[in-house]
Amino acid sequence: MKKLFLKYGIEINDKQLMQFETYYHLLMEWNQKVNLTTIVEYKEVLKKHFLDSCLLLTQYSDKVFAGKKIIDIGTGAGFPGIPLSILLPDSEFLLMDSLNKRIQFLSHVIEELGLDYVTVVHGRAEDFGKDENFREKYDFCISRAVAALPLLLEYCSPFVKEDGALLLYKSVKVHEEIEESSKAMQVLNCKISSLTELTDEPDFQRFIVEIKKIGQTPDKYPRRAGKPKKQPL
């Protein structure tokens, strides 16, 4: 695993290696009873889940995130939040998902891995985005494999502080999604600040879209659960 990460310029220490190994075994154990991932072969999980989640750190120094509050929307089995929290122990993470069984799994992972600055919450982004305890409280929002960009903007931007950023993981359709997001950007006071290609391998093309929050989210957003998906901005 160390060699794989190092190939992409990411160093992991022995403690982090053990945490990733434990995470893999827990993922496989719980996957027998909860639908967490269709990718189960060890090397595939390492690359397409663990490494993929951490590729962000090939472009951003860990100092950028030190002491910051980060929310992972639609975390699923903990991607990218858990792998990033292993490598960023000085950051505070909140992982959000709408399926309680996944939250139970993540709670167990957090305990077993000793991730002291990671918490989980069960619920929908449309609901918690209106909650004053969560709304515009985070420095960064991350999300991976959740929705197309126009929809993701409505889910994620309400959680981010003004002048904070969304760091969204995307693959080959990223340019098309950006073109479709101009209205959502304008309405939600967001602006793309960078698009970075993390890897250009034909079967492993990955990008990070950095979106700055340039003003407060209008009070009407996010709309009630289900409406953003039915009527994207």
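Since the model is a prediction, treat every value here as computed from it, not as a measurement.

Enquirer: Before we move on, could you go through the pairing of strand 6 (residues 190-201) and cite the residues and values that matter?
Expert: Bridge count for strand 6 against strand 7 (residues 204-213) is ten bridges, and the pairing is antiparallel. Looking at strand 7, one finds that Asp200 is bridged to Gln205. Following strand 6, the chain reverses through two residues before pairing antiparallel with strand 7.

Enquirer: Now, about the packing of helix 2 (residues 14-31) against helix 3 (residues 42-54): what can you tell me, with residues and values included?
Expert: Following both chains from N to C, one finds helix 2 and helix 3 inclined at 120 degrees, their axes separated by 11 Å at the closest point. In the crossing of helix 2 with helix 3, the sense of the turn from one axis to the other is right-handed. Where helix 2 abuts helix 3, its residues Phe20, Glu21, Tyr23, Tyr24, Leu27 and Met28 lie against Tyr42, Val45, Phe50 and Cys54. Classifying every residue of the contact of helix 2 with helix 3 gives nine nonpolar, no polar and one charged.

Enquirer: Break down the nonpolar core for me, citing the residues and quoting the values.
Expert: In terms of nonpolar packing, the biggest core is built from 50 residues, with Phe5, Phe20, Phe50, Phe65, Ile82, Leu87 and Phe105 touching the most fellow members. Breaking this core down by element, the ones donating at least two residues are helix 2, helix 3, helix 5 (81-87), strand 2 (92-97), helix 6 (100-113), strand 4 (138-144), strand 5 (160-170) and strand 7. Grouped together as the second largest cluster of nonpolar side chains are 31 residues, Ile71, Ile73, Val174 and Tyr221 included.

Quick notes on the rules
Residues numbered from 1 in each chain as written. Predicted model: local features only at pLDDT ≥ 70, side-chain atom pairs only at ≥ 80, totals over all residues. Heavy atoms only, no water. Pairing = 2+ DSSP bridges. Helix = DSSP H or I, 4+ residues; strand = E, 2+ residues; numbered from the N terminus. Axes fitted to C-alpha atoms, helices over the stretch in contact; angles between N-to-C directions. Left-handed = near helix turned anticlockwise from the far one by under 90°. Contact = heavy atoms within 4.5 Å. Nonpolar A, V, L, I, M, F, W, Y, C, P; charged D, E, K, R; others polar. Core = buried A, V, L, I, M, F, W, Y, C linked by side-chain atoms within 4.5 Å. Buried < 20%, exposed > 50% of the residue type's maximum accessible area, 1.4 Å probe, protein only.

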